[in-house]
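# Structure at a glance
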Amino acid sequence: MTAEIAVALPALVLVFGLFLGAAAAGMTQLRLEEAARAGAREVLRGEAQQSVEATVRRLAGADAAVRLHTDAGWTSIEVTAPVRGPVVGLLELTLSATASGRSEHG
């Protein structure tokens, strides 16, 4: 019985680590999507870029990067951030989310 546990335990630890890493990636993606939507709402209302970036970083985390793009009255905001967590932190994954809309001002 002890030998079987000794063989199976590393595999169980790895599977558990992958499960936690997938959960961390999912939570990061949800945070990025919410931050992109909130940032887009602020941009479309005409808020200052510093205010938009502060809101995005508050929701997505301090290591999030924000990119704004405006073209023909449409504004897009892209938020990217690395995934932090067990196992996936070693893979250096970066996730992103985008939100866009037509400006209310202008």
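Note that this is a predicted model, so its numbers are computed, not measured. (Residues numbered from 1 in each chain as written. Predicted model: local features only at pLDDT ≥ 70, side-chain atom pairs only at ≥ 80, totals over all residues. Heavy atoms only, no water.)

### Concerning the overall build of the protein
- From N to C terminus, the protein includes three helices and three strands.
- Put simply, the protein runs from its N terminus to its C terminus through helices and strands in the order α-α-β-β-α-β.
- In terms of overall size, the protein is more extended than a compact globule, its C-alpha atoms giving a radius of gyration of 19 Å where 106 residues would be expected to give roughly 13 Å.
- Here the C-alpha coordinates of the protein stretch approximately 75 × 20 × 15 Å along the principal axes. (Helix = DSSP H or I, 4+ residues; strand = E, 2+ residues; numbered from the N terminus. Rg over C-alpha atoms; globule rule 2.2 N^0.38 Å.)

### Describing the sheet that holds strand β3 (residues 94-102)
- Pairing is antiparallel across the open sheet formed by three strands, whose spatial order is β1-β2-β3. In this open sheet, the two strands that pair with only one neighbour each are β1 (65-71) and β3. Strand-to-strand twist in this sheet, taken as the mean axis angle between neighbours without regard to direction, amounts to 15°.
- In terms of strand pairing, strand β2 (residues 74-82) meets β3 through nine bridges, oriented antiparallel. Its bridge partner lying in β3, Thr 75 is registered against Gly 101.
- Contacts from helix α1 (residues 2-45) reach β1, β2 and β3 within the one sheet, and its direction differs from that of β3 by about 25°. (Pairing = 2+ DSSP bridges. Axes fitted to C-alpha atoms, helices over the stretch in contact; angles between N-to-C directions. Contact = heavy atoms within 4.5 Å.)

### Looking at the pairing of β2
- The side-chain alternation of β2 yields one buried face, formed by Thr 75, Ile 77, Val 79 and Ala 81, and one unburied face, formed by Trp 74, Ser 76, Glu 78, Thr 80 and Pro 82.
- Pairing of β1 with β2, which is carried by seven bridges, proceeds in the antiparallel orientation. By the bridge assignment for β2, Thr 70 is matched with Thr 75.
- Connecting β1 to the next strand, β2, in antiparallel fashion are two residues, including Ala 72 with a positive phi near 55°. (Buried < 20%, exposed > 50% of the residue type's maximum accessible area, 1.4 Å probe, protein only.)

### Here's the deal with the side chain of Glu 42
- With respect to the helices and strands, the residue Glu 42 is situated in helix α1.
- For the buried Glu 42, no salt bridge is present, and the opposite-charge side chain at shortest range is Arg 45, 4.4 Å distant.
- Leaving out residues up to four positions away in the same chain, Glu 42 has contacts with Glu 47, Ser 51, Val 52 and Thr 55. (Lys, Arg positive; Asp, Glu negative; His and termini not counted. Salt bridge = Lys/Arg side-chain N within 4 Å of Asp/Glu carboxyl O.)

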